[in-house]
Amino acid sequence: MGELAADKHVKYIISVEKKKDSFESVVMEHLRLNGAYWGLTTLDILGKLDAVDEEDVISWILKCQDESGGFAGNIGHDPHVLYTLSAVQVLALFDKVDILDADKVSNYIVGLQNEDGSFSGDIWGEVDTRFSYIAICCLSILQRLDKINVDKAVEYIVSCKNLDGGFGCTPGGESHSGQIFCCVGALAIAGALHHVDKDLLGWWLCERQVKSGGLNGRPEKLPDVCYSWWVLSSLIMIDRVHWINKDKLVKFILDCQDMENGGISDRPDDAVDVFHTYFGVAGLSLLEYPGLKPIDPAYALPVDVVNRIFFSKK
Amino acid sequence: MHGRPRKPLKPEDAAASAAKAEKLRVLQSQFLHNHHNHIYSKEAVELSTKLLETNPELYTAWNYRKLAVQHKLTENDSDPDSLKSILDEELRVVESALRQNFKSYGAWHHRKWILSKGHSSIDNELRLLDKFQKADSRNFHAWNYRRFVAASMNRSEEDELKYTEDMICNNFSNYSAWHNRSLLLSNLLKRKVEGFVSKEKVLPDEYEFVHQAIFTDPDDQSGWFYHLWLLDQTVRVDSPQLVSSWPTPGSDLILLGDRCLDGCASSPFTRFHLDSRTFPLVLYFNQAVEGVNSSTITVDSELNTNKDLVWKPLSSCNSKAAQVWVTQLNLPDGNTHSSKVFPVEDSSPISSLYQLSIKNDNELTDFEWRAATIAKEIDHFRELLSLINCKIGKLTLARLLMAHDAMMCPPANKISHSEEVLELYNDLMRLDPTHVQYYKDQHSLVLLQQVTSNWESLLSRCFHYSNSPSNRGSPMCLQLKNLSLSRLGSFDKLLWVQMLDLSHNELRSIEGLEALQLLSCLNLSNNILGSFTALEPIRQLKSLRALNISYNEIGAHSIDTTKYLCSSPLSHSVGSEWNHGQTVIDDDIKSYWEAYFILKGLNLTQFDIVGNAIVNEKFKSFLIKVLPGLKWLDGEQLH
């Protein structure tokens, strides 16, 4: 079995952070805040968060905040919950959540809850269970979860539960591992996992593991390293992770590394990016690969960061 | 980000990329300027078109376009033609953007937003969707959009059902179509629409339809979950049923006091050793139910007046629904030194009213077609397996045989397929080693069903527990050790158990064990329990006095797989009691919060924990603090 080229990945992430002028970088400028979360969480898992300039990062993040309280993907873009969560998560890594006006940020999110309990992504009204997860996760980190109607939020998520035990974007939407992670994660944080049929969903999820050892996102699709996070964390939250072969998955993730230049790709020999580098390393952490900080499957942040938030309350 | 080959960047490519990047940066910068200054001129809007057609993920540009549309609509208030052309242009831009990336959330949402302005026809939208189906029949954005269009334009569910049939006939490997089909059929059956009134008429054709998918290519998963859903529809009984209770009807309940009863002729199933002034009444249902209270459940007993009884659901979070409900009956005074016999009525001492019916007559008459359907499916899958040795064939046959046995449940029919099913799971462990632990868990469940299926089998596993330091007339211990069990089940058959030996198995979870409310001694040594949170069910075992979890893996894992399944301070529904100053959170509690949370309410007198990675002197002294009533720790007497 190969090894994790941790140093190479650290170098790769730092180089991406610095290289703002490539075409790829400009095309994805609008989601740089997500990129910051992926890159920095990976560094923290690898024990190298100090490789970046904390003040630089934080001052840039604050510039992404809009007067509504929400955060945009980059300076000058519109606010959206997707980037609001990333902002709060990155601040949590640096233990600087308290520099935010927590009420201001929470009010932005609270204002996006709809009557049926669902959440819109922004003022333009797109509804998706991804946003339910974001709202619950973000407000929980800010310790403001009671500001929304949690029961209604849970009710909406349950309405997106399918006959195969999985969850979709909206009621009736096909089960997809990404959505399943969001719904299971939201229910976990809300203390409502009893709504999940763990055996039924567990079987659907464990059948994502294909012959190569990698995981796909839905039946008859190709395996992809990012599902090493979404499928794996879901299985862990419902205590069914033993239904997949962990060793084979570790091997698949390690095979997706670029051993020369660092970074991890979706599949072996494809181009690497920060997104898959994060999901590969986070997946290895969940698989208890040695030398990595353990990551929490619901908050997608290192366990020590989550404990710091919940045990430091006065 | 997906599916691009890994190529090193040549210097000339890097230069070209940088030039392209600079051009794009200028355009995006110009766009943001227009957006912030609310400029919606023709050129400005065209700039956003150009950007979106190459990069539909630029979400701010879609927002900008909506503002531009709103702006134009207010300017051209009364002109229907210009309204149409404005909206048409938006639809064209969306289509163009989708050609660039047909999975762009922003593009699809923009189209929905435009449609909400009341434009486009259903034919137009369906035509667009057909194009996308041909390009990628699994595009869930397109399927979601299709459901949106069908609902908002009132297309009938029957028509949509026909569409899924066409898609599947075209290519059965289309999970998205099977999913949509199950959704539509489920709605039609629920609403009892004409032609879909009885499952008996509808399901047979569906079984035949899905057989074509499974039997043509057994390795293709597209039909597997649909077939499982059909099976569930065939066997499921919608109203909750009381599966078992303790005390069991028709038995004599002997409450023993301190004195040992030698030569007692009663069986371990009815002899109960009393430890306190109360004993539990347990109800076990086939599914989680709500609303069990003294007005829905009546208990006839000489010990209590019915209205005093408070029923509690056994759930780990503050859920109002549970499969197991319990209440406490109080003993009248002065009874601890003698034993007393309480006959438990033949008819259940527990009768229930409107909310929980025990057996529904309608469901009994359905029995014939259900049984016939299962029998037919069993034949089909035996035939499949005779031709192809495939995983889904064996797994489905195992499930069918178990379903068959469950339906034939009146014990009169003693024929059981459990041996064959155990063999099938053994085969599956060899055939599909990737999922060996899944099959092991199923194997354990079937094995336990077999072991608990009759009184003789259980009695052969009952022994006096010889290791107990206070062995005076102690109850019988049920031994289920050394069975390679990885999973527990059949709790409905074990409600009478007071002492349980599950040592030397492969348990990583004790999910469901909270049902065994009479447990006073529990041996889980030499298993693979990985954390304290996995012991959550024990928090509900108020009678537990002796617990052995030695030689497990507590403290050996960095990842906790039962963290969110237990009521913990990180859980929203329970966390508040932790955080509102009830507990002084000292360093010990922070280091060992899982252990603290699981053990603090227990009244253990004997505890064994040696052989777990978490154990050291510091942890042992923490334990003694948390369990003040403890007399024995790892075999040593405490002072």
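Predicted, not measured: the structure shown is a model, and the values here were computed from it.

Rules of the game
Residues numbered from 1 in each chain as written. Chains lettered and ligands numbered in written order. Predicted model: local features only at pLDDT ≥ 70, side-chain atom pairs only at ≥ 80, totals over all residues. Heavy atoms only, no water. Helix = DSSP H or I, 4+ residues; strand = E, 2+ residues; numbered from the N terminus. Buried < 20%, exposed > 50% of the residue type's maximum accessible area, 1.4 Å probe, protein only. Contact = heavy atoms within 4.5 Å. Areas by Shrake-Rupley, 256 points an atom, 1.4 Å probe, with all protein chains shown as cover. Pairing = 2+ DSSP bridges. Axes fitted to C-alpha atoms, helices over the stretch in contact; angles between N-to-C directions. Parallel < 35°, antiparallel > 145°, perpendicular 65-115°, else oblique. Left-handed = near helix turned anticlockwise from the far one by under 90°. Nonpolar A, V, L, I, M, F, W, Y, C, P; charged D, E, K, R; others polar. Disulfide = S-S within 2.5 Å. Buried area = accessible area lost by both parts, 1.4 Å probe. Salt bridge = Lys/Arg side-chain N within 4 Å of Asp/Glu carboxyl O. Polar contact = N/O pair within 3.5 Å; in protein donor to acceptor, adjacent residues only side chain to side chain. Phe/Tyr/Trp six-rings, centres within 6.5 Å; stacked < 30°, edge-to-face > 60°. UniProt positions renumbered as here; feature names shortened; annotations may be inferred. pLDDT = per-residue confidence, 0-100. Arc of directions from axis to C-beta. 1 Å grid on protein atoms, 1.4 Å probe; cavity = no way out; pocket = protein on both sides within 12 Å on 5 of 7 lines; lining within 4 Å. Points joined across faces, edges and corners; volume = space filled by probe spheres on them. Core = buried A, V, L, I, M, F, W, Y, C linked by side-chain atoms within 4.5 Å.

What to know about the overall build of chain B
Helix and strand counts for chain B stand at 21 helices and 17 strands. In chain B, buried positions account for 52% of the 639 residues. Sequence-distant contacts in chain B: of pairs separated by 6 or more residues, those separated by 24 or more amount to 64%. Carbon and sulfur atoms make up 51% of the accessible area of chain B, which amounts to about 30,100 Å² in all.

Some thoughts on unusual backbone geometry
A cis amide bond links Trp246(B) with the next residue in sequence, Pro247(B), at an omega value of -5°. Residue position: Pro247(B) is located in the loop between β1 (242–246) and β2 (252–256). One non-glycine residue, Gln143(A), lies in positive phi territory at about 55°. Checked against the element boundaries, Gln143(A) lands in the loop between α7 (129–141) and α8 (150–159). The backbone of Glu220(A) sits at a positive phi, close to 65°, despite the residue not being glycine. Positionally, Glu220(A) belongs in the loop between α10 (198–206) and α11 (227–237). Look at Glu220(A) and you get partly exposed, because its relative accessible area is 37%.

Re the sheet that holds strand β7 (residues 322–330) of chain B
All names here are of chain B. One open sheet accounts for four strands, arranged β1-β4-β7-β6; its pairing is antiparallel. Each edge of the open sheet is held by one strand with a lone partner, namely β1 and β6 (312–313). One ladder, built from two bridges, connects β6 with β7; its direction is antiparallel. Bridge assignment links Lys312 to a residue of β7, and that residue is Val326.

Some words on the packing of helix α8 (residues 157–170) of chain B against helix α9 (residues 175–190) of chain B
All names here are of chain B. The contact between α8 and α9 brings their axes to 9 Å, and the two run at 150°. In terms of their interaxial angle, α8 and α9 are classed as roughly antiparallel. Every pair of crossing elements has a handedness; the one defined by α8 and α9 is left-handed. On α9, the residues touching Glu157, Glu158, Glu160, Leu161, Thr164, Glu165, Met167 and Ile168 of α8 are Ala177, Trp178, Asn180, Arg181, Leu184, Leu185, Asn187 and Leu188. When the residues that make up the contact of α8 with α9 are grouped by side-chain class, the tally is eight nonpolar, three polar and five charged.

What about the state of the cysteines?
Residues and elements named next belong to chain A. A complete count under the given rule lists zero disulfides over all chains for this structure. Free of any disulfide, Cys137 has its nearest neighbouring cysteine sulfur in Cys138, separated by 7.0 Å. Free cysteine: Cys183, not disulfide-bonded; nearest cysteine sulfur from Cys160 at 5.9 Å. Overall, the relative accessible area of 1% leaves Cys183 in the buried class.

Considerations on the sheet that holds strand β13 (residues 521–523) of chain B
Residues and elements named next belong to chain B. Taken together, the eight strands give an open sheet; going across it, the order is β10-β11-β12-β13-β14-β15-β16-β17, and neighbouring strands pair in mixed fashion. Each of the sheet's edge strands pairs with one partner strand only, and the pair in question is β10 (462–464) and β17 (636–637). One ladder, built from three bridges, connects β10 with strand β11 (residues 476–479); its direction is antiparallel. Paired with Phe463 across the strands is Cys477, a residue of β11.

A look at the interface of chain A and chain B
Contact residues are listed per partner, giving 96 residues for chain A and 84 residues for chain B. Across the interface of chain A and chain B, roughly 7,700 Å² is buried in total on both sides, 55% from carbon and sulfur atoms. Contact with chain B buries surface across chain A, with Trp124(A), Trp203(A) and Phe311(A) losing the most and accounting together for 12% of the total. Measuring nitrogen to oxygen at the nearest pair gives 3.0 Å for the salt bridge that ties Arg138(B) to Glu174(A). Scanning the region where chain A abuts chain B turns up 47 residue pairs in polar contact (both at pLDDT 80 or more). Only α2 (23–27), α9 (177–189), α10, α11, β2 (272–273), α13 (274–286) and α14 (303–311) of chain A provide two or more residues apiece to the side of chain A that touches chain B. If one sorts the elements of the side of chain A that touches chain B by residue count, α10(A) sits on top with six residues. Within the side of chain A that touches chain B, the residues separate by chemical class into 42 nonpolar, 22 polar and 32 charged.

Observations regarding the pairing of β11(B)
Bridge analysis of β11(B) against strand β12 (residues 499–501) of chain B gives three bridges, and the strand direction is parallel. By the bridge assignment for β12(B), Leu478(B) is matched with Leu500(B).

Examining the packing of aromatic side chains
As enumerated under the stated definition, the model contains 38 aromatic pairs over all chains in all. Taken together, a centroid distance of 4.6 Å and an interplanar angle of 85° make the contact between Trp243(A) and Tyr438(B) edge-to-face. Of the two residues, Trp243(A) sits in the loop between α11 and α12 (246–255) while Tyr438(B) sits in helix α16 (residues 436–451), which places them in two different chains. One exposure class covers both Trp243(A) and Tyr438(B), and it is buried.

Focus: the UniProt feature "domain: Prenyltransferase alpha-alpha toroid" (unreviewed entry) in chain A
UniProt marks residues 4–300 of chain A with the feature "domain: Prenyltransferase alpha-alpha toroid" (unreviewed entry), using the numbering shown here. Secondary structure content for residues 4–300 of chain A is 48% helix and 1% strand, and the end C-alpha separation is 20 Å.

What about the confidence of the model for chain B?
All names here are of chain B. Mean pLDDT over chain B: 86, with 85% of residues reaching 70 or higher. Counting contacts from residues 346–362, a segment whose pLDDT is below 50, to residues more than four positions away or on other chains yields 38 contacts. Note that pLDDT drops below 50 for residues 468–472; the model gives that stretch three contacts with residues more than four away or on any other chain. With pTM at 0.94, the complex prediction returns an ipTM value of 0.96.

Comments concerning the pattern of salt bridges
All names here are of chain B. Applying the stated criterion across every chain, the model contains 44 salt bridges over all chains. Asp427 serves as the salt-bridge partner of Lys394, at 3.2 Å between the closest nitrogen and oxygen. Taken together, the residues Lys394 in helix α14 (residues 391–407) and Asp427 in helix α15 (residues 418–431) connect sequence positions 33 residues apart. With a relative accessible area of 11%, Lys394 lands in the buried category. We classify Asp427 as partly exposed; its relative accessible area is 22%. The salt bridge involving Asp634 is made with Lys620; its shortest N-O contact spans 3.7 Å. Here Asp634 is found in the loop between β16 (632–633) and β17, whereas its partner Lys620 is found in helix α21 (residues 617–626), with 14 residues between them in sequence.

Some words on helix α6 (residues 102–110) of chain A
For α6(A), every residue scored as buried is listed here: Ala102(A), Val105(A), Ser106(A), Tyr108(A) and Ile109(A). Each buried residue of α6(A) sits inside an arc of 150° when the element is viewed along its axis, so together they form one side.

Points about empty space enclosed by the protein
If you walk through the whole model with that rule in mind, you get seven cavities of 30 Å³ or more. The space that makes up the largest cavity amounts to roughly 90 Å³. In this structure, the largest cavity is lined by Leu163(A), Asp164(A), Tyr175(B), Trp178(B), His179(B), Ser182(B), Phe225(B), Tyr226(B) and Trp229(B). Where the lining of the largest cavity is concerned, the elements lending two or more residues are α9 and α11 (224–235) of chain B. The leading source of residues in the lining of the largest cavity is α9(B), at four residues. Classifying every residue of the lining of the largest cavity gives six nonpolar, two polar and one charged. Taken as a whole, the second largest cavity holds about 70 Å³ of empty space.

What to know about the nonpolar core
All names here are of chain B. Grouped together as the largest cluster of nonpolar side chains are 254 residues, with contacts concentrated most on Phe532 and Phe607. Once you skip the residues sitting within four places of it in the chain, Phe607 turns out to touch Leu547, Ile549, Leu599, Leu623, Leu627, Leu630, Trp632, Leu633 and Asp634. Counting 38 residues, the second largest nonpolar core, distinct from the first, contains Leu32, Ile86, Leu91 and Leu126.

Quick word on the pairing of β1(B)
Residues and elements named next belong to chain B. Counting buried residues in β1 gives four out of five residues, a clear majority hidden from the surface. Pairing analysis gives four bridges linking β1 to strand β4 (residues 278–289), with the strands arranged antiparallel. Residue pairing in the sheet places Ser244 in a bridge with Tyr284 of β4.

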